[in-house]
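A closer look at the structure
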Amino acid sequence: MIESALVVGGASGIGLAIATSLAAREECRRVYIVDRGEVPAEAWNPKFEYRQFDLTSEDFSIFDEFDDVDTLMITAGFGRLSLFESVSEEHITSSMTVNATAAMRIIHHFYPRINSSESFRTGVMVSIAGYLSSPFFAVYGASKAALRYFIESLNVELEKGGAVNRILNVSPGSIKGTSFGGGATDLAQTQSLAEEIIAHLEAGDDLFIPQYNEVFKNVLERYHADFREEGRRSYDYKLKSGRVK
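Figured I'd write up the structure that's included with this text. (Residues numbered from 1 in each chain as written. Predicted model: local features only at pLDDT ≥ 70, side-chain atom pairs only at ≥ 80, totals over all residues. Heavy atoms only, no water.)

The secondary structure content of the chain amounts to six helices and seven strands. From first element to last, N terminus to C terminus, the chain shows the α and β order β-α-β-β-β-α-β-α-β-α-β-α-α. The C-alpha radius of gyration computed for the chain amounts to 18 Å, which stays within 12% of the reference 18 Å derived for 245 residues, consistent with globular compactness. Taking the principal axes of the C-alpha coordinates as reference, the chain spans close to 50 × 45 × 35 Å. A sequence separation of at least 24 residues applies to 70% of the contacts in the chain between residues at least 6 apart. Accessible area of the chain: about 12300 Å², with a carbon and sulfur share of 50%. Across the chain, the mean location of the 24 positive side-chain charges is 6 Å away from that of the 34 negative side-chain charges. (Helix = DSSP H or I, 4+ residues; strand = E, 2+ residues; numbered from the N terminus. Rg over C-alpha atoms; globule rule 2.2 N^0.38 Å. Contact = heavy atoms within 4.5 Å. Areas by Shrake-Rupley, 256 points an atom, 1.4 Å probe, with all protein chains shown as cover. Lys, Arg positive; Asp, Glu negative; His and termini not counted. Charge placed at Lys NZ, Arg CZ, Asp CG, Glu CD.)

In structure tokens form, the structure reads like this:
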């Protein structure tokens, strides 16, 4: 039972959907939201408590304030479909900072509670891009691959150390109804996925790939069979999708 949660990146997209779904539960007393942007007025819930914070900041001591939460969900992240030759150095450094390093730093602040015999749920939005080459998403994919291996390694350390908790790696493909890449948040489109993610958190799972059997099982099998050919297929698919600007 989740009574108090912290959602980092919860002011929009799938983060806001998760925060909204949690707040709708009678047993959930409070949902802290930490984000650079504010929660839209139309999506505000009386159970929300908002803290403004930029994940590119040097000082992460804000994350020592939430000593009453039993659940941590990190959803912050961004990406832009573009050839590597077109991205700036600033984009490279900010992508790695927000998508990977910030999540590691946040988990470090909560690690004493994660690495314990007391229940503490932790989840991170990673990406299927962390599992295979992704042309036009080279920097984003690299940041998510780093996060994927970080979580996998920590889960082994937790298991071998006798902790009861695991960190949930949520690795979807493109999610409709989110503000990722500059789109608009549509909670009606993300609510179902938010509920699935919460269910996996409550179950103590360490990995959830949405649409795995329907889509990504075959994609990953093709990738492992011939990563070069699958990379070429991905390149062409993204060009034809109209998402590359």
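Don't stop here, the text continues.
Along helix α5 (residues 212-225), the residues classified as buried are Phe216, Val219, Leu220 and Tyr223. Considered in projection along α5, the buried side chains sweep an arc of 95 degrees and stay on one side of the axis. Among the exposed residues of α5, those oriented more than 90 degrees off its buried face are Asn213, Glu214 and Ala225. Looking at the packing, one finds that the buried side of α5 touches α6 (227-241). (Buried < 20%, exposed > 50% of the residue type's maximum accessible area, 1.4 Å probe, protein only. Arc of directions from axis to C-beta.)

What follows is about the nonpolar core. Of all hydrophobic cores here, the largest spans 32 residues; its most connected members are Leu6, Leu55, Phe63 and Phe110. At the level of elements, β1 (4-8), β2 (30-35), β4 (71-74), α2 (89-114) and α3 (138-161) are the ones that each hand at least two residues to this core. Counting residues per element, this core draws most heavily on α2, at eight residues. When sequence neighbours within four positions are dropped, the list of residues in contact with Leu6 reads Tyr32, Val34, Phe63, Phe66, Val69, Thr71, Leu72, Met73 and Phe110. (Core = buried A, V, L, I, M, F, W, Y, C linked by side-chain atoms within 4.5 Å.)

Take the sheet that holds β4 next. Taken together, the seven strands give an open sheet; going across it, the order is β3-β2-β1-β4-β5-β6-β7, and neighbouring strands pair in parallel fashion. A strand with exactly one partner marks an edge of an open sheet, and here the two such strands are β3 (48-52) and β7 (207-208). (Pairing = 2+ DSSP bridges.)

Taken as a whole and assessed by the stated rule, the structure comprises 12 salt bridges. Between Glu49 and Arg30 there is a salt bridge whose closest N-O contact spans 2.9 Å. Highlighted residues: Glu49 in strand β3 and Arg30 in strand β2, separated in sequence by 19 residues. Where Arg148 meets Glu152, a salt bridge forms, and the shortest distance between an N and an O atom there is 2.9 Å. Of this pair, Arg148 and Glu152 both sit in helix α3, four residues apart, which is roughly one turn of that helix. (Salt bridge = Lys/Arg side-chain N within 4 Å of Asp/Glu carboxyl O.)

The subject of this paragraph is the pairing of β4. Burial along β4 is two-sided: the residues Thr71 and Met73 and Leu72 and Ile74 are all buried. In terms of strand pairing, β1 meets β4 through four bridges, oriented parallel. Bridge pairing in β4 links Val8 to Ile74. In this sheet, strand β5 (residues 121-125) lies alongside β4 in parallel orientation, the contact comprising four bridges. Residue pairing for β5: Ile74 is matched across the bridge by Val124.

There is a patch of nonpolar side chains on the surface, built from Leu83, Tyr235 and Leu239 and spanning about 240 Å² of accessible area. The residue Leu83 is located in the loop between β4 and α2 in this model. Assessed through its relative accessible area of 32%, Leu83 is described here as partly exposed. (Patch = residues over 30% accessible without salt bridge, like charges linked within 9 Å, V, L, I, M, F, W, Y side chains within 5 Å.)

This model, assessed by the stated rule, comprises 10 aromatic pairs. Members of the aromatic cluster, connected to one another through ring pairs, are Tyr32, Phe53, Phe60, Phe63 and Phe66. When the ring centre of Phe60 is taken as reference, the NZ or CZ atom of Arg105 above it lies at 3.9 Å. Its end group placed over the ring of Tyr237, Arg233 keeps NZ or CZ at 5.8 Å from the ring centre. (Phe/Tyr/Trp six-rings, centres within 6.5 Å; stacked < 30°, edge-to-face > 60°. Lys NZ or Arg CZ within 6 Å of the ring centre and 35° of its normal.)

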